[in-house]
Amino acid sequence: MRIAILLRRLRSLTFVAPVFLSAALHAAQTPETLLEEINRLPEAERQARLVNGAKKEGTVTWYVAMNRLYAQDLINAFEADYPFLKVNALTGSGGALLSRVLTEHRARSYQYDVFNTRSMTINMLRQADAIMRYRTPYRRFLRDSFYDKEGFFNGMFATPMVFVFNTKLASRKEAPASLGDLADPKWAGKLAMDTESYDWLAGLLDYYGEEKGAALAAKIGEQKLNVRRGPTLLTQLVAAAEFPVQIDGHHQEAIAMKKRGAPVDYSFPQPFVPAKSLIPVYLSSRPPHPHAAALLADFLLSKKGQEIMYGHGRWVSHKNITTKGPDGVGDRKVVIPSPEKWGDRYQELIALYNKLLLRQ
């Protein structure tokens, strides 16, 4: 009799233990491990799992450091693809949104799912445990330097920086063609630059090596640069003939100004084109809506999402979207500052910029 009771208890434990074990494992699963598990599924099964999860979540929160109109174009297209999802977008400057994210995480108030700002912030966000790895299959479509090895950031676009010149003050033939030309004494007092173009200097140091790059930057700094805050303002001042050349103009700003009929033109610097640090898609380490967050991140990296950004004049990360024509970057050498390297040395980079270029 006792043996029969013991056997029944053992059978009961055999049934119950896996249930408890499964529940314990589920409880221990983090959003990162959840999405890692989903990302290993075959494509159709993976998509179905994300969609089913997102339908239950119903919304996704995106902290977006981007022009509101441009962001809305992306949101409209995303919501058309996933009509069961509502995007709650909070737009703002990259610095303001970064501060908000860090404050929320310190207070353990996890509000956002997806966040984009400059990639130089990656080390700060990792140290705060505010972002997680997201190794989406869409990473295989990204250009080199637009993603990291560990999976914390997946780049959407970067901004090539070009020489913008006033065509009434300098013809294309007369305008500087190379970064070395900027040190020519004939340009003293005629060049303009942003007060915070740190990525431009980082590109110089990465391409030439720190000693040679710093030496060239110091020579350019001796040219009595006209410094102002804001790339758009600087391009407008070039158009207004305040000075002949802006040396760190944003590519899309130069194109837009030309299309409006302003007396400006631009050229890609030789031997390389410096790029403002790329803008990645970060996923919160504790997203309130992990399935919807994954769908939004995937959309922003997809060819459809990238084509929308390309239409905004961006140099996008998708390697199958090639830029052609006179405004295309083509196969020129573009240098994107290393987020891992300069993220840890950002204050040092700022100090060097102020010393070499602003002469402070």
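Look up: the structure comes first, before these words.
Residues numbered from 1 in each chain as written. Predicted model: local features only at pLDDT ≥ 70, side-chain atom pairs only at ≥ 80, totals over all residues. Heavy atoms only, no water.

Visitor: Please clarify how the pairing of strand β6 (residues 191-194) should be interpreted in this entry.
Guide: A regular strand places its side chains on the two faces of the sheet in alternate fashion. Residues of β6 alternate between two faces, with L191 and M193 on one and A192 and D194 on the opposite face, all of them buried. Pairing geometry for β6 and strand β8 (residues 245-250), over two bridges, is parallel. The partner of A192 across the bridge, within β8, is Q246. (Buried < 20%, exposed > 50% of the residue type's maximum accessible area, 1.4 Å probe, protein only. Helix = DSSP H or I, 4+ residues; strand = E, 2+ residues; numbered from the N terminus. Pairing = 2+ DSSP bridges.)

Visitor: Quick question: what am I supposed to make of the packing of helix α2 (residues 31-39) against helix α11 (residues 290-301) here?
Guide: Each packed pair of helices is defined by two parameters, the angle between the axes and the distance between the axes. As a packed pair, α2 and α11 sit with axes 10 Å apart at the nearest point and diverge in direction by 55°. The orientation of α2 relative to α11 falls into the category oblique. Taken as a pair, α2 and α11 cross one another with a handedness that is right-handed. Here α2 contributes L34, L35 and I38 to the contact with α11, which in turn contributes P290, H291 and A294. Residue composition of the contact of α2 with α11, grouped by class: five nonpolar, one polar and no charged. (Axes fitted to C-alpha atoms, helices over the stretch in contact; angles between N-to-C directions. Parallel < 35°, antiparallel > 145°, perpendicular 65-115°, else oblique. Left-handed = near helix turned anticlockwise from the far one by under 90°. Contact = heavy atoms within 4.5 Å. Nonpolar A, V, L, I, M, F, W, Y, C, P; charged D, E, K, R; others polar.)

Visitor: Honestly, the pairing of strand β10 (residues 273-284) in this entry has me stumped. Any pointers?
Guide: Counting buried positions along β10 yields eleven of twelve residues, so the element is predominantly enclosed. With two bridges joining them, strand β3 (residues 114-116) and β10 adopt antiparallel strand pairing. By the bridge assignment for β10, F115 is matched with Y282. The pairing of strand β4 (residues 131-132) with β10 spans two bridges and is classified as antiparallel. By the bridge assignment, M132 is partnered in β10 with L283. Sheet topology note: the strand β5 (residues 154-166)/β10 ladder contains five bridges and is antiparallel. Opposite G155, over in β10, you have P280 as the bridge partner.

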